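Residues per chain, in single letters:
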Amino acid sequence: MSRLEEALNEAQAVVVEQIDRLLPSTDLPEARVTEAMRYACLNGGKRLRPFLVLTTAGLFRVGASSAARVAAAIEFVHCYSLVHDDLPAMDNDDLRRGQPTCHKKFDEATAILAGDALLTKAFEVLAGPATHADPQVRVELVGELAQAAGHHGMVGGQMIDMLAASRAMDMMEVTRLQSLKTGKLFAFSCAAGPILGKAPIQQRQLLDAYARDLGLAFQIADDLLDVESSTEQMGKKTGKDMAAGKATFVSLLGVERARAQAQALVDQAIGHLDSFGPTADLLRDCVRFVVERKN
Ligand code: GRG
């Protein structure tokens, strides 16, 4: 097993344990929404965002339980976005991570509520004193995640994406759409370590630049997988963007140039990490993995 696989497995274990602790099953009358939240978050996934939180936190010697709480918070937001994205009003998908989507397993109203509650839970966790002793650090985490997830962040990107089927978009527009829709959560994940560790601004900027390139490389790889992979391999329906006539990096650049662009972004992302030396090796491995992954 490679050191990255080991670290991803470790991130998986840490975040599952933390989610289980933060979202225990209950026998209260509202138990159904808790079960839907647990279903949405405890059903696999690569846990890339938690891995980035834990790894960037490791660069600044942040306490394990602080990092684990922030890792769970970002996964709550990511999982909420997947639950809502899969709803009939949005992408209308039946399959996620190889299993029935939340609204298929439960029902639409429950899935909407579970997504709402996951988003809200993330902020409850970040604001909790156990996340960091310094309230200013907690407020900064709350503010940064709110911006990353909100109307000029992931939600804004999703809005543009929903409008994309009805109009042509060029490279600049697609790049902005994807930077908002997927890039912002990656950027928060890489900012979490330096925020928790009160790192100097220069280091924070380098990790932000790394995260931007990583996010775009991830999205180009996702677009390539969407045209080159099967539904079984991905655990979700593929070929949807093409069928909907949406502009993607692959439709704009073609497969070969898209692949070359992803590789250029990998090299650029790794370049931002030079001053961190070998302590950032896992982040270097991660960006290579993101473009080589098969799901
Ligand atoms: C509904 C507000 C709202 C936002 C939805 C992220 C998103 C916006 C939609 C997901 C649809 C999609 C396929 C986005 C492209 C990239 C992406 C985020 C893929 C899923 O992330 P992975 O591969 O998933 O990290 P796992 O399952 O491994 O956690």
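Look a little higher up for the structure.
A few points on the structure. In this text, all values refer to a predicted model and were calculated from it rather than measured experimentally.

Points about a nonpolar patch on the surface
Argument step 1. Where nonpolar side chains cluster on the molecular surface, the patch consists of M90, M159, M162 and L163 and spans about 340 Å² of accessible area.
Argument step 2. Mapping M90 onto the fold places it in the loop between α4 (64–85) and β1 (95–96).

Observations concerning unusual backbone geometry
Argument step 1. With a phi angle near 55 degrees, N92 is a residue other than glycine that sits in the positive phi range.
Argument step 2. You can see N92 is positioned in the loop between α4 and β1.
Argument step 3. Positive phi, normally seen in glycine, also occurs at K198, with a value near 50 degrees.
Argument step 4. Mapped onto the secondary structure, K198 falls in the loop between α9 (171–196) and α10 (201–228).
Argument step 5. By relative accessible area, which is 52% here, K198 ends up exposed.

Details of the site of the ligand
Argument step 1. By nearness alone, 20 residues border the ligand, and K46, R49, H78, D85 and R97 come closest of all.
Argument step 2. Within the contact set of the ligand, an oxygen atom lies 2.6 Å away from a side-chain nitrogen or oxygen of K46.
Argument step 3. Isolated, the ligand exposes 700 Å² of accessible area, and the fraction of that covered by the protein chains is 92%.
Argument step 4. If you list the elements that add at least two residues to the shell around the ligand, you get α4, α8 (154–164), α9 and α10.

What to know about the nonpolar core
Argument step 1. Counting residues in hydrophobic clusters, the biggest one holds 73 residues, and the most contacted among them are L52, F76, L118, F188, Y210 and C286.
Argument step 2. Ranked by the residues each element gives to this core, the list is headed by α4, at 11 residues.
Argument step 3. Grouped together as the second largest cluster of nonpolar side chains are 15 residues, V174, L177, L216 and A217 included.

About the cut-offs
Residues numbered from 1 in each chain as written. Predicted model: local features only at pLDDT ≥ 70, side-chain atom pairs only at ≥ 80, totals over all residues. Heavy atoms only, no water. Patch = residues over 30% accessible without salt bridge, like charges linked within 9 Å, V, L, I, M, F, W, Y side chains within 5 Å. Areas by Shrake-Rupley, 256 points an atom, 1.4 Å probe, with all protein chains shown as cover. Salt bridge = Lys/Arg side-chain N within 4 Å of Asp/Glu carboxyl O. Helix = DSSP H or I, 4+ residues; strand = E, 2+ residues; numbered from the N terminus. Buried < 20%, exposed > 50% of the residue type's maximum accessible area, 1.4 Å probe, protein only. Near = heavy atom within 4 Å. Polar contact = N/O pair within 3.5 Å; in protein donor to acceptor, adjacent residues only side chain to side chain. Core = buried A, V, L, I, M, F, W, Y, C linked by side-chain atoms within 4.5 Å.

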